[in-house]
Amino acid sequence: MTSFFEVKNLQVTYPIHGGILGRQVGAIHAVEDVSFHILKGETVGLVGESGCGKSTLGKSLLKLIPANRGEVLFENQNILALNRNEFQPFRKRIQMIFQDPYSSLNPRMRIGDILEEPFTIHGLCPKAERKDKVIELLQIVGLRPECYEKYPHEFSGGQRQRIGIARALAVRPDFIVADEPVSALDVSIQSQILNLLNRIQNDMGLTFLFISHDLNVIRYFCDRIIVMYLGRVMEILTRDELLDPHFKKHPYTEALLAAAPRAHPDKVRQVKPLKGDIPSPAHPPSGCVFHTRCPEAKDICRQQIPLLKNKVACHFRERDEKTVA
Ligand code: ATP
Ligand code: SF4
């Protein structure tokens, strides 16, 4: 099957400035040599602890943060190589949903005007038809038509996330990057928003990259899961593989699973949750970046970077190519 979206050897760093002259004295390696693909209509999860580079990766796919190196192929076109004008048609097709939509909703604008904006920017439909389109959008995300006249402060967190979703859907995108869309919400509201995203994904056939630090949210929503640690991909696995207690996973994936509380914990799994903090991405450990916390680390792990081979990056996880999804 051909990829709809493909990332090849992506690297994103942030410069560290220091000294009296403010020269660059180092760099934070937020995303390091990351490669993966997404098929059309697929929902791929991106999971890892806070600070592992998930948001940076998500934003760099939309060119909101510049990448140092690598390619992002959207229908085989490297969008990183496009200038502003050339990128414009793709910009409409890729939308982002953020953790806190409130910060990006202008408090002085009515919701109706906020949601009409994308139509105006992209010149999408005649002015006279825009209000109807916005009311249709409000209904899709479960809000009443009267919300058109209201202001952002009049809504709860869950309702504001519905507005954020409506704004992303306004331009009829093909691909949505959702960055922690439910992590700021109460648990009861989280499931409502996840159900909404699920329904929209099914009804509109959208492709999703779903970013979350919460494996429980990821396993509810995603077909495949990319596990990231300190800027690197540790493993890519299907939901079935993730849920199969007999599937030999990357030690970091095992540790994340052990740390995620579950309604029905596996009796088979006996991995201790991770101890210690994630090292600084300004000075990532040598060899396997996970070796300072990995319970299975050996000498080779400190010396050689394990390549992502057959969807797993670990010196001690050989996988047969034929069995890899
Ligand atoms: P979180 O869930 O906490 O947002 P994350 O996995 O999304 O974490 P990023 O936000 O992408 O991770 O951050 C990756 C690394 O890059 C972190 O060490 C972070 O401190 C650093 N970082 C992120 N944004 C910037 C920035 N604008 N300037 C400098 N460093 C940054
Ligand atoms: Fe652990 Fe070594 Fe595998 Fe890294 S390569 S995950 S340190 S066993």
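The text that follows walks through the structure, step by step, so that each part is easy to find. (Residues numbered from 1 in each chain as written. Chains lettered and ligands numbered in written order. Predicted model: local features only at pLDDT ≥ 70, side-chain atom pairs only at ≥ 80, totals over all residues. Heavy atoms only, no water.)

With respect to the nonpolar core
Next up, step 1: Among the nonpolar cores identified, the biggest contains 57 residues, and I165, L169 and F210 are the most heavily contacted of them.
Next up, step 2: Leave out the neighbours within four places in its chain, and I165 touches I97, V141, I193, L196, L197 and I200.
Next up, step 3: Of all hydrophobic cores here, the second largest spans 32 residues; its members include F4, F5, I38 and F87. (Core = buried A, V, L, I, M, F, W, Y, C linked by side-chain atoms within 4.5 Å. Buried < 20%, exposed > 50% of the residue type's maximum accessible area, 1.4 Å probe, protein only. Contact = heavy atoms within 4.5 Å.)

Description of the side chain of D174
Next up, step 1: You can see D174 is positioned in the loop between helix 5 (157–169) and strand 7 (175–179).
Next up, step 2: Of the polar contacts made by the side chain of D174, one reaches the side chain of R93; its length is 2.5 Å.
Next up, step 3: For D174, the residues in contact, after removing those within four places along its chain, are F4, K40, F74, R93, L206 and T207. (Helix = DSSP H or I, 4+ residues; strand = E, 2+ residues; numbered from the N terminus. Polar contact = N/O pair within 3.5 Å; in protein donor to acceptor, adjacent residues only side chain to side chain.)

Looking at the sheet that holds strand 1 (residues 5–18)
Next up, step 1: A sheet is described by the order of its strands in space; here four strands give the open sequence 2-1-4-5, paired in antiparallel fashion. Edge strands, defined here as strands with exactly one partner in the open sheet, are strand 2 (23–38) and strand 5 (77–78).
Next up, step 2: Here 11 bridges tie strand 1 to strand 2, and the two strands are oriented antiparallel to one another. Bridge pairing in strand 2 places T13 opposite H29.
Next up, step 3: Where helix 1 (residues 54–61) meets the sheet, its contacts fall on strand 1, strand 2 and strand 4 (69–74), and the angle it forms with strand 1 comes to roughly 115°. (Pairing = 2+ DSSP bridges. Axes fitted to C-alpha atoms, helices over the stretch in contact; angles between N-to-C directions.)

What about the sheet that holds strand 6 (residues 94–97)?
Consider a sheet: its strands pair through backbone hydrogen bonds, and that pairing is either parallel or antiparallel.
Next up, step 1: If you trace the six strands from one edge of the open sheet to the other, you get 6-7-8-3-9-10, paired in mixed fashion. In this open sheet, the two edge strands, each paired with only one partner strand, are strand 6 and strand 10 (232–238). Averaged over neighbouring strand pairs, the angle between their axes works out to 20° when direction is ignored.
Next up, step 2: Here strand 3 (residues 43–47) pairs with strand 9 (residues 224–229) via four bridges, running parallel. The residue bridging G45 from the neighbouring strand is I225, located in strand 9.
Next up, step 3: The strands touched by helix 2 (residues 84–93) are strand 6 and strand 7; relative to strand 6, the strand with the most contacts, the crossing angle is about 50°.
Next up, step 4: The sheet contacts of helix 6 (residues 187–204) involve strand 3, strand 6 and strand 8 (207–212), and relative to strand 8 the element is tilted by about 160°.

Section: the pattern of salt bridges
Next up, step 1: Under the criterion given, the structure shown has 11 salt bridges.
Next up, step 2: With its nearest N and O atoms 2.6 Å apart, the salt bridge here joins E149 to R110. Of this pair, E149 sits in the loop between helix 4 (127–140) and helix 5 while R110 sits in the loop between strand 6 and helix 3 (111–121), placing them 39 residues apart in sequence.
Next up, step 3: Its salt-bridge partner being R172, residue E136 comes within 3.9 Å of it at the nearest N-O pair. (Salt bridge = Lys/Arg side-chain N within 4 Å of Asp/Glu carboxyl O.)

A word on the site of ligand 1
Next up, step 1: Every residue near ligand 1 is listed here: Y14, I28, A30, E49, S50, G51, C52, G53, K54, S55, T56 and P281.
Next up, step 2: Residue G53 places a main-chain N or O atom 3.1 Å away from an oxygen atom belonging to ligand 1.
Next up, step 3: If ligand 1 stood free it would expose 630 Å²; the protein chains cover 60% of that surface.
Next up, step 4: For the shell around ligand 1, the leading source of residues is helix 1, giving three residues.
Next up, step 5: Its residues assigned to classes, the shell around ligand 1 shows five nonpolar, five polar and two charged. (Near = heavy atom within 4 Å. Areas by Shrake-Rupley, 256 points an atom, 1.4 Å probe, with all protein chains shown as cover. Nonpolar A, V, L, I, M, F, W, Y, C, P; charged D, E, K, R; others polar.)

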